[in-house]
Amino acid sequence: MLLGLKAPWKVEKVDVDSMKKNVDVYIAHEKGSKLLCPVCRKEFMVYDHLSERVWRDLDSIEFMTFIHATPPRISCPEHGVREAVMPWTEKRSRFTLRFETMSIRMLQNIDTYNFTEIMHLTWQQAWNIIERAVKRGRERKKGHPSMIGIDEKSYKKGHRYITLVYDMTNNSVDYIAYERKKKSLDEYYETLSEDELANIEAVSMDMWDPFMSSTMEHVPDAESKMVFDRFHVMKHVNEAVDKTRKEENRKLVKDGIMDLSGTRYIWLYSSENLPERYRERYNELRKADLLTGKAYSMKENIRNLWNMPTPDEGLKYWESWYSWVIHSSVDAMKDVARMMKVHLTSIMNYFIHRITNARAEGINSKIALIEKMAYGYRNKEHLKTAIYFRCGNLQLYP
């Protein structure tokens, strides 16, 4: 009853070892039974048996429980001699279905090392459960997302990257490739059929040439579907503000003026999120008619672009902002404005598709936590597997 066995399967014997704290349950099928073919799911007479096999089951109170059985084989006229379906496990697994289900649930919430300590497993056994779950989930996955985000994530030390393709609808990782080259994204697009490529409605990304080139090459009408992510556009704008501060501070220090020294983080905040401890100094600096203050005002104003209600109003706002910046004396901001103008179509596509990589940044934070929990991954295949396991939104359970 505890194992949930149904005819023709039955428990033949139970051994309890109180010293080792083990329970061994021996299972067999009734003689003359017909068992299921794993392919066509039809019943056939038993052909022969393999040697005894052992599966780990959920503990009985504090006793580790093991299922013993000699796997039967059936002879299917269509599929030949096959190992029959055993209802408590999946093929090639050494765990029962309920043990694997519980393990996956736990591994979704704790790190692998602590899981092995709690469940009395080796690291390799735990990792096999994760790999099997990801393989199962990837095989079950149907279709591909129509709204995708593309980003890169560094791992290890020394500029090593993986390319991540996000499902923007389900907020999950759809594909992982090594490096951040054109071929990295090509690998993803080449897994899609022509219909699936045509079904892509929008692609959110940063202004990274290899990603742009790959998308233009594979996605039909890509120019109207690419959306340059707000987060990455503002990253360039913030860098221009910081460059302005550095150059201006260098000149002021030569004249013995220390007004901008130690103010780097003040200019990185948005005005509404500026901590109170910086507020007084910020107000003083804004009155000083500095180039850095002008660059900051330009940064704060361009943030409003993405709040415009319509594409026409957005374009009008952009043109006004661009004219202001390009006629100013802030060279770093002029460079950013010119760069944005080159890519203006893809920036303005936001008003059509209304997607950003904001959710992807949340997944990136989760990936960083995955790396931290494992103290890094020497094997990059293991990193991919861990990301799919915790961020892939897959049907992992047996």
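Our subject is the structure listed above.
Residues numbered from 1 in each chain as written. Predicted model: local features only at pLDDT ≥ 70, side-chain atom pairs only at ≥ 80, totals over all residues. Heavy atoms only, no water.

*Asks:* How would you explain the overall build of the chain if you had to name every residue and give the values?
*Replies:* Across its full length, the chain carries 16 helices and 13 strands. Against the globule reference of 21 Å for 398 residues, the chain gives a C-alpha radius of gyration of 30 Å, more extended than a compact globule. If you line up the chain on its principal axes, its C-alpha atoms span 95 × 50 × 35 Å. Out of the 398 residues in the chain, the part that is buried amounts to 48%. Restricting to contacts in the chain with at least 6 residues of sequence separation, those with at least 24 account for 58%. As displayed, the chain has an accessible area near 21700 Å², and 50% of this comes from carbon and sulfur atoms. (Helix = DSSP H or I, 4+ residues; strand = E, 2+ residues; numbered from the N terminus. Rg over C-alpha atoms; globule rule 2.2 N^0.38 Å. Buried < 20%, exposed > 50% of the residue type's maximum accessible area, 1.4 Å probe, protein only. Contact = heavy atoms within 4.5 Å. Areas by Shrake-Rupley, 256 points an atom, 1.4 Å probe, with all protein chains shown as cover.)

*Asks:* Would you mind going over the sheet that holds strand β9 (residues 147-155) in detail, with residue names and values included?
*Replies:* The strand order across the open sheet built from five strands is β11-β10-β9-β12-β13, with neighbouring strands paired in mixed fashion. Of all the strands in the sheet, just β11 (172-178) and β13 (226-228) have a single pairing partner and so form its edges. Averaged over all neighbouring strand pairs, the angle between strand axes comes to 25°, with direction disregarded. Across three bridges, strand β12 (residues 202-205) lies against β13 in parallel orientation. Note on β13: the bridge partner recorded for Met205 is Phe228. (Pairing = 2+ DSSP bridges. Axes fitted to C-alpha atoms, helices over the stretch in contact; angles between N-to-C directions.)

*Asks:* An account of unusual backbone geometry is requested, with residue identities and associated values reported.
*Replies:* The amide bond that connects Ala7 to the next residue, Pro8, takes the cis arrangement and shows omega of 10°. Tracing the sequence through the fold places Pro8 in the segment before β1 (9-17). One non-glycine residue, Arg41, lies in positive phi territory at about 65°. Despite not being glycine, Asp221 has its phi angle at roughly 55°, a positive value. By the element assignment, Asp221 lies in the loop between α6 (209-218) and β13. We classify Asp221 as exposed; its relative accessible area is 55%.

*Asks:* An account of the sheet that holds strand β8 (residues 80-83) is needed here, citing residue identities and associated values.
*Replies:* Reading across the sheet, the four strands line up as β3-β4-β7-β8 and stay open at both edges, with antiparallel pairing between neighbours. On the outer flanks of this sheet lie β3 (34-36) and β8, each paired with one strand and no other. Going across the sheet, the axis of each strand differs from the next one's by a mean of 55°, ignoring polarity. In this sheet, strand β7 (residues 72-76) lies alongside strand β4 (residues 43-49) in antiparallel orientation, the contact comprising three bridges. In the strand pairing of β7, Val46 is matched with Ile74.

*Asks:* Quick one: what's the story with the pattern of salt bridges, residue by residue and with numbers?
*Replies:* Per the counting criterion, the structure on display carries 23 salt bridges. A salt bridge links Glu90 to Arg132, with the shortest nitrogen-to-oxygen separation between them at 3.1 Å. Separated by 42 residues along the polypeptide, Glu90 in the loop between β8 and α1 (97-107) and Arg132 in helix α3 (residues 123-140) bring together distant segments of the chain. Looking at Glu90, the relative accessible area reads 26%, which means it is partly exposed. We note a salt bridge from Asp242 to Arg245, for which the minimum N-O separation is 3.0 Å. Here Asp242 pairs with Arg245, and both are found in helix α7 (residues 230-254), just three residues apart, close to one helical turn. Side by side, Asp242 and Arg245 carry an identical accessibility label, which is buried. (Salt bridge = Lys/Arg side-chain N within 4 Å of Asp/Glu carboxyl O.)

*Asks:* Any chance you could break down helix α4 (residues 182-189) for me, citing the residues and the numbers?
*Replies:* Helical periodicity: at 3.6 residues per turn, an α-helix aligns residues three or four positions apart in one direction. Ser184, Leu185, Asp186, Tyr188 and Tyr189 are the residues of α4 that are buried. Packing partners of the buried residues in α4 comprise β9, β10 (160-167), β11, α5 (194-198), β12 and α6.

*Asks:* Any chance you could break down the packing of helix α11 (residues 311-326) against helix α12 (residues 331-342) for me, citing the residues and the numbers?
*Replies:* How two helices sit against one another is set out by the angle between their axes and by the gap between those axes. Relative orientation of the contacting elements α11 and α12 amounts to 145°, with a least axis distance of 9 Å. Read as a crossing pair, α11 and α12 show a hand that is left-handed. Together, Trp318, Trp321, Tyr322, Val325 and Ile326 of α11 and Met333, Lys334, Ala337, Arg338, Met340 and Lys341 of α12 make up the contact between the two elements. Residue classes in the contact of α11 with α12 are distributed as eight nonpolar, no polar and three charged. (Left-handed = near helix turned anticlockwise from the far one by under 90°. Nonpolar A, V, L, I, M, F, W, Y, C, P; charged D, E, K, R; others polar.)

*Asks:* Tell me what's going on with the pairing of β1, and back it up with residues and numbers.
*Replies:* Examined bridge by bridge, β1 and strand β2 (residues 22-29) share eight bridges and lie antiparallel to one another. Paired with Val14 across the two strands is Val25, which belongs to β2.

*Asks:* So what about the pairing of β8? Which residues, and what values?
*Replies:* Relative to β8, β7 runs antiparallel, the two sharing four bridges. The partner of Ile74 across the bridge, within β8, is Arg82. The hairpin turn running from β7 into β8, its antiparallel successor, is three residues long.

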